[in-house]
Amino acid sequence: MSSTVPKSSNIFWHDCPVGKTDRQKLLKQKGCVVWITGLSGSGKSTLACTLGRELHTRGKLAYVLDGDNLRHGLNKDLGFKAEDRAENIRRVGEVAKLFADAGLVCIASLISPYRRDRESCRALLSDSSFIEVFLNMSLELCEARDPKGLYKLARAGKIKGFTGIDDPYEAPLNCEIEIKEVDGVCPPPAEMAGQVVTYLEEKGFLHE
Ligand SMILES: Nc1ncnc2c1ncn2[C@@H]1O[C@H](COP(=O)(O)OS(=O)(=O)O)[C@@H](OP(=O)(O)O)[C@H]1O
Ligand SMILES: Nc1ncnc2c1ncn2[C@@H]1O[C@H](COP(=O)(O)OP(=O)(O)O)[C@@H](O)[C@H]1O
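What counts as what
Residues numbered from 1 in each chain as written. Chains lettered and ligands numbered in written order. Predicted model: local features only at pLDDT ≥ 70, side-chain atom pairs only at ≥ 80, totals over all residues. Heavy atoms only, no water. 1 Å grid on protein atoms, 1.4 Å probe; cavity = no way out; pocket = protein on both sides within 12 Å on 5 of 7 lines; lining within 4 Å. Points joined across faces, edges and corners; volume = space filled by probe spheres on them. Helix = DSSP H or I, 4+ residues; strand = E, 2+ residues; numbered from the N terminus. Nonpolar A, V, L, I, M, F, W, Y, C, P; charged D, E, K, R; others polar. Pairing = 2+ DSSP bridges. Axes fitted to C-alpha atoms, helices over the stretch in contact; angles between N-to-C directions. Contact = heavy atoms within 4.5 Å. Near = heavy atom within 4 Å. Polar contact = N/O pair within 3.5 Å; in protein donor to acceptor, adjacent residues only side chain to side chain. Areas by Shrake-Rupley, 256 points an atom, 1.4 Å probe, with all protein chains shown as cover. Sits in = over half its atoms within 2 Å of the grid points.

Caption draft 1: A look at the layout of surface pockets. Considered as a void within the structure, the largest pocket measures approximately 660 Å³ in volume. Around the largest pocket sit 33 residues that line it, and Ser40, Lys44, Asp68, Ile111 and Lys148 are the ones nearest its centre. Secondary-structure elements contributing two or more residues to the lining of the largest pocket are helix H2 (44-57), helix H3 (67-70), helix H4 (82-101) and helix H8 (189-202). Here the residues of the lining of the largest pocket are counted per class, giving 13 nonpolar, 12 polar and 8 charged.

Here's what the structure looks like:
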C-alpha cells in the first residue's frame, strides 16, 4: 500500500471564497494540530480528552482524533506492521490538517512510534502550527498501568510487534512540549492539559 504515489491525473485545486482566515475570525482562534505521542498507556487519550474539555470550557473549538478510535472506522483496514502504522499516521495527519484548516484546535493522540512518520505530518502544516507533545513516561510506568492488559499479552508472546516490547518507539528529538514523570510519578491530567493550554495561549492560538 504505497500511499505516496499519486494515482490520479488531470485533477485541479478549487479555491472557495471563504478561507481559513475568515473561519478563524469567526471562531476567534487559530487552527493548529496538537500531536500527542507516547507509549501505549502513557496517558495520550487522557490528556487529549482533558485538554479537549478545558478548551471547550474556555469557548474554544477543539476536536480529538484518537488512534484507537480511528482504528474502528477510517483506519480499520490497518494493522501494526511498520507500513500500516505509517499509513495510519499519514491519514490522520491529512485529516488533522483539514481540521486545522477549518480553524479548530485538532488534538491527535496516537502512539506514532516512528520519527519519520511524525515529521511527515509536521511537514504538512505551516511551521508553528504543528505542536508535538511527547508523553515521556517510562515503559515501567506504562506497563504497570496496563489498563487493557496488552503489555501482559505482549510479554506472553500473544501479541507480536507491540510498541516498547518488540517494536521500537523513537522518542522525538525536537518536540514543542515534553511531559515527564517526576520521581516516578506522572503529573495529574489537569496539570498536563494546563501546560498545553499555556503554550497555546502564549503562541496566540486561542485568539483570532
Ligand atoms: N502491536 C501493537 N502495538 C501498539 N499498540 C497496539 C498494538 N496492538 C494493539 N494496539 C492498540 O492500538 C492502539 C494504538 O493505536 P495507534 O493508532 O495509536 O498506533 S500507531 O500510532 O499506529 O502505532 C493502542 O492504544 P493506546 O494504548 O491508547 O496507545 C493499543 O490499545
Ligand atoms: N496523568 C495521569 N495520572 C495518573 N494516571 C493516568 C494519567 N493519565 C492517564 N492515566 C491512567 O493511565 C492509563 C492509560 O491512560 P490512557 O490515556 O488510556 O493512555 P494511552 O491513550 O496513552 O494508552 C489509564 O488507566 C488512565 O486512567
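Text resumes after the structure shown.
Caption draft 2: Here's a closer look at the sheet that holds strand S1 (residues 32-37). Taken in spatial order, the 5 strands make up an open sheet running S2-S3-S1-S4-S5, and their pairing is parallel. The open sheet has two edge strands, strand S2 (62-66) and strand S5 (177-180), and neither has a second partner. Within this sheet the neighbouring strands show an average axis-to-axis angle of 15°, counted without direction. Pairing geometry for S2 and strand S3 (residues 105-109), over 5 bridges, is parallel. Following the sheet pairing, Ala62 is matched in S3 by Val105. The sheet strands contacting helix H5 (residues 115-124) are S1 and strand S4 (130-136), and the helix crosses S4 at an angle near 155°.

Caption draft 3: A look at the site of ligand 1. Residues in close proximity to ligand 1 total 20 residues, the closest being Ser40, Arg71, Asn88, Ser112 and Lys148. Lys44 places a polar side-chain atom, nitrogen or oxygen, 2.8 Å from an oxygen atom of ligand 1. Interatomic distance of 2.9 Å between a backbone N/O atom of Gly161 and a nitrogen atom of ligand 1. The fraction of the free accessible surface of ligand 1 (630 Å²) that becomes covered by protein chains is 91%. Of all the cavities here, the one that holds ligand 1 is the largest pocket. Examining the composition of the shell around ligand 1, we find that 3 residues originate from one element, H4, more than from any other. In terms of residue class, the shell around ligand 1 is built from 7 nonpolar, 7 polar and 6 charged.

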